[in-house]
Amino acid sequence: MGASFPSSVGRLESAEQRAQETLVSLECGYYDVEQVQLMSQMLLVTLGTACVEKTYGGLFNSPAKVVEDVKKEMVEILHRRSDAFAEGSGSFEDSASLPSPVIVVENILDDFVQAQTGLLSRFSKRIINTEKKEDRIEDFVQELDTAGAWMVGCREDLAKALFKCLDHSNLLICAMKFESNEDLVEHKSKCALRPVTCANEGCGEVFSAIHDKVHDSTCPSKLIACEQNCKALVKRSEMDKHCITDCPMKLVNCPFYHMGCAATLPQGVLEQHCTEFTGSHLLCLQHFLQKQEALVAGVTQRVLVLEKVNYILQAFKKKNSCKHTILYTCKHLWG
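Values in this document were obtained by computation on a predicted structure and should not be read as measured data. (Residues numbered from 1 in each chain as written. Predicted model: local features only at pLDDT ≥ 70, side-chain atom pairs only at ≥ 80, totals over all residues. Heavy atoms only, no water.)

1. A short note on the nonpolar core
Heads up, the rule is: Residues grouped as a nonpolar core are buried Ala, Val, Leu, Ile, Met, Phe, Trp, Tyr and Cys residues, joined through side-chain atoms within 4.5 Å. Whether a residue is buried, partly exposed or exposed follows from its accessible area with a 1.4 Å probe, protein chains only, as a fraction of its type maximum: under 20%, in between, or over 50%, in that order. The way it works is that DSSP assigns letters per residue, a run of H or I at least four long becomes a helix, a run of E at least two long becomes a strand, and they are numbered from the N terminus. Here a residue-residue contact requires only that any non-hydrogen atoms of the pair lie within 4.5 Å.
Core analysis: the biggest nonpolar cluster contains 34 residues, and Leu47, Met74 and Leu78 have the highest contact counts within it. Elements with a minimum of two residues in this core: α2 (33-55), α3 (67-88), α4 (101-116), α6 (130-147) and α7 (152-166). Once residues lying within four places of it in the same chain are set aside, the contact partners of Leu78 are Leu43, Val105, Ile108, Leu109, Leu158 and Leu162.

In structure tokens:
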């Protein structure tokens with residue numbers, strides 16, 4: 001019996017270890033999708049910025065040549081400093097008083113960029129337009145993204161690892177553990193951080209369920225009631241265009257506005273208005289035509305006068321006396 005005791009203890013310890021590993025494997029593990037995506041983009045921008053700062057002003061070096069070395073160094077520093085912060089966070093009495101994991105990572109990345117900034121780059125800030133450097137950084141970040149120098153999936157995995165290390169308040173990651181797979185599946189179907197896809201046609205954005213209402217309130221593809229109270233449902237992104245073009249409640253002037261009808265009405269009832277006020281519109285048209293006839297008559301008279309003046313001037317174009325010409329013209333024109 002005594003010889004079997006250590007073996008029993010060993011089996012018990014192994015069973016406990018396996019149970020613990022199983023419990024860990026039954027962790028929810030959902031993350032805040034939006035924050036992971038933002039952190040992923042922040043990592044790419046920091047890499048591009050650090051590479052440009054490290055090589056700015058160099059004659060024989062370019063940002064593309066240092067990408068791999070800078071990326072490796074940046075990842076190592078992120079892991080080292082986040083681990084150090086996580087170990088020191090135990091001194092906080094309340095996890096709510098801990099700074100946001102996003103802020104912690106931002107501070108680490110800012111320090112990293114500062115450390116990569118070369119002496120020439122620091123000096124150039126005083127004599128060179130900083131907008132040029134910012135444009136160069138923006139172009140290089142786009143180049144990194146296009147070339148796939150740091151794949152999105154790899155950056156998101158790093159962002160998740162950082163959140164897992166730093167998020168003691170479980171705001172960005174769900175660390176709940178379960179004893180059975182059934183319980184895990186049930187929880188995941190209701191977890192506030194579970195990824196969901198926007199149901200609005202034409203959107204397709206993925207976000208955590210906790211942000212559903214926020215996204216729905218700003219989604220450009222969501223159908224909403226017309227702002228001018230017509231009966232149409234319009235995509236939020238197309239509302240302005242609808243209101244100034246197709247909307248039947250858009251206010252327009254009557255087609256006879258310049259002829260005397262001062263009505264301003266929704267374009268949806270324009271045809272009805274024209275039908276109801278045909279008589280008054282005909283009167284407006286009659287008065288308008290009378291004014292035009294009077295105007296044409298006046299213009300015709302002026303043309304005749306000008307033609308007569310031109311005829312007289314042509315008759316005396318060979319004469320040198322301007323005074324005689326003018327007097328003769330006035331005599332024959334008004335005499």
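2. Thoughts on a nonpolar patch on the surface
Quick note on the threshold: Only residues whose relative accessible area exceeds 30% and that form no salt bridge enter a patch; like-charged residues are grouped when within 9 Å of one another, and nonpolar side chains (Val, Leu, Ile, Met, Phe, Trp, Tyr) when within 5 Å. Areas reported here follow the Shrake-Rupley algorithm with a probe of radius 1.4 Å; residue values treat only the protein chains shown as occluding. Salt bridges, as used here, are contacts in which a Lys or Arg side-chain nitrogen is within 4 Å of a carboxyl oxygen on Asp or Glu.
Together, Leu295, Val299 and Val303 make up an exposed nonpolar region whose accessible area comes to about 250 Å². Classification of Val299 as partly exposed rests on a relative accessible area of 43%.

3. Considerations on the packing of α4 against α7
Quick reminder of the rule: All axes here are fitted lines through C-alpha atoms, helices being fitted over the stretch that makes contact, and every angle between N-to-C directions spans 0 to 180 degrees. Note: crossing handedness is left-handed where the near helix turns anticlockwise from the far helix by less than a right angle, and right-handed where it turns clockwise.
Packing of α4 against α7 brings their axes to within 9 Å, and their N-to-C directions diverge by 115°. Of the two elements, α4 crosses α7, and the hand of that crossing is right-handed. Contacts from Pro101, Val102, Val104 and Val105 of α4 reach α7 at Leu162, Phe163 and Leu166.

4. Things to note about the pattern of salt bridges
Tallying each qualifying case throughout the model produces seven salt bridges. Residue Lys71 is joined to Glu68 by a salt bridge in which the shortest nitrogen-to-oxygen separation is 3.7 Å. Note that Lys71 and Glu68 are positioned in helix α3 at a spacing of three residues, about one turn of the helix. Relative accessible area serves as the criterion here: at 14%, Lys71 is assigned to the buried category. Among the ionic pairs, Lys190 bridges to Glu186, the shortest N-O distance being 3.8 Å. Lys190 sits in the exposed class, given a relative accessible area of 60%. Exposure remark for Glu186: the relative accessible area of 45% places this residue in the partly exposed category. What you see here is one network of salt bridges that share partners, running through Glu27, Lys164 and Lys177.

5. So, the confidence of the model for the protein chain
Here is the rule: Along the chain, pLDDT gives the predictor's confidence residue by residue, from 0 to 100.
Mean pLDDT over the protein chain stands at 83; residues scoring 70 or higher make up 79%. The model gives residues 1-6 a pLDDT under 50, and that stretch makes zero contacts with residues more than four places away or in other chains.

6. What about the environment of Pro266?
Inspection of the secondary structure puts Pro266 in strand β6 (residues 264-266). Among all residues touching Pro266, those that are not within four sequence positions of it are Pro248, Met249, Lys250, Leu251 and Val252.

7. A few points about α4
Think of an α-helix as turning once every 3.6 residues; residues three or four places apart then point the same way. What counts here: Multiplying 1.5 Å by the residue count of a helix minus one yields the expected span of that helix.
Helix length check: α4 (16 residues) gives 23 Å between terminal C-alpha atoms against 22 Å at 1.5 Å per residue, within 8%. Against α2, α3 and α7 lie the buried residues of α4.

8. Side note on unusual backbone geometry
Unlike most non-glycine residues, Asn170 shows phi in positive territory, near 55°. With respect to the element layout, Asn170 can be found in the loop between α7 and α8 (181-188). Even without glycine at this site, Asn229 takes up a positive phi of about 65°. Locating Asn229 in the fold gives a position in the loop between β3 (223-225) and β4 (233-235). Classification of Asn229 as exposed rests on a relative accessible area of 65%.

9. Focus on the packing of aromatic side chains
Quick reminder of the rule: We call Phe, Tyr and Trp rings a pair once their centres come within 6.5 Å, taking the six-membered ring for Trp, and we label the pair stacked below 30 degrees between planes, edge-to-face above 60, and tilted otherwise. Two limits define a charge over a ring: the Lys NZ or Arg CZ must be within 6 Å of the ring centre, and within 35 degrees of the ring normal.
Here the structure, examined in full by the defined rule, presents zero aromatic pairs. A cation sits over an aromatic face here: Lys133 above Tyr56, 4.5 Å from the ring centre. The side chain of Lys188 reaches across the aromatic face of Tyr30, ending 5.1 Å from its centre.

10. Re the packing of α2 against α4
Under the convention used in this document: By the definition adopted for this analysis, an angle is roughly parallel if under 35 degrees, roughly antiparallel if over 145, roughly perpendicular if from 65 to 115, and oblique otherwise. Residues are sorted three ways: Asp, Glu, Lys and Arg are charged, Ala, Val, Leu, Ile, Met, Phe, Trp, Tyr, Cys and Pro are nonpolar, and all the rest, Gly among them, are polar.
At their nearest, the axes of α2 and α4 sit 9 Å apart, and the two run at 10° to each other. Comparing the axis directions of α2 and α4 gives the class roughly parallel. Of the residues in α4, those in contact with Gln35, Met39, Met42, Leu43, Thr46, Thr49, Ala50, Glu53 and Lys54 of α2 are Val102, Val105, Glu106, Leu109, Phe112, Val113 and Gln116. In the contact of α2 with α4, the residues fall into nine nonpolar, four polar and three charged.

11. As for the environment of Met39
Examined against the element boundaries, Met39 turns out to sit in helix α2. Met39 sits in the buried class, given a relative accessible area of 2%. Measuring from C-alpha to C-alpha, the distance between Met39 and Leu162 comes to 9.7 Å, with 123 residues separating the pair along the chain. The residues contacting Met39, other than those within four sequence positions of it, are Val102, Val105, Ala159 and Phe163.

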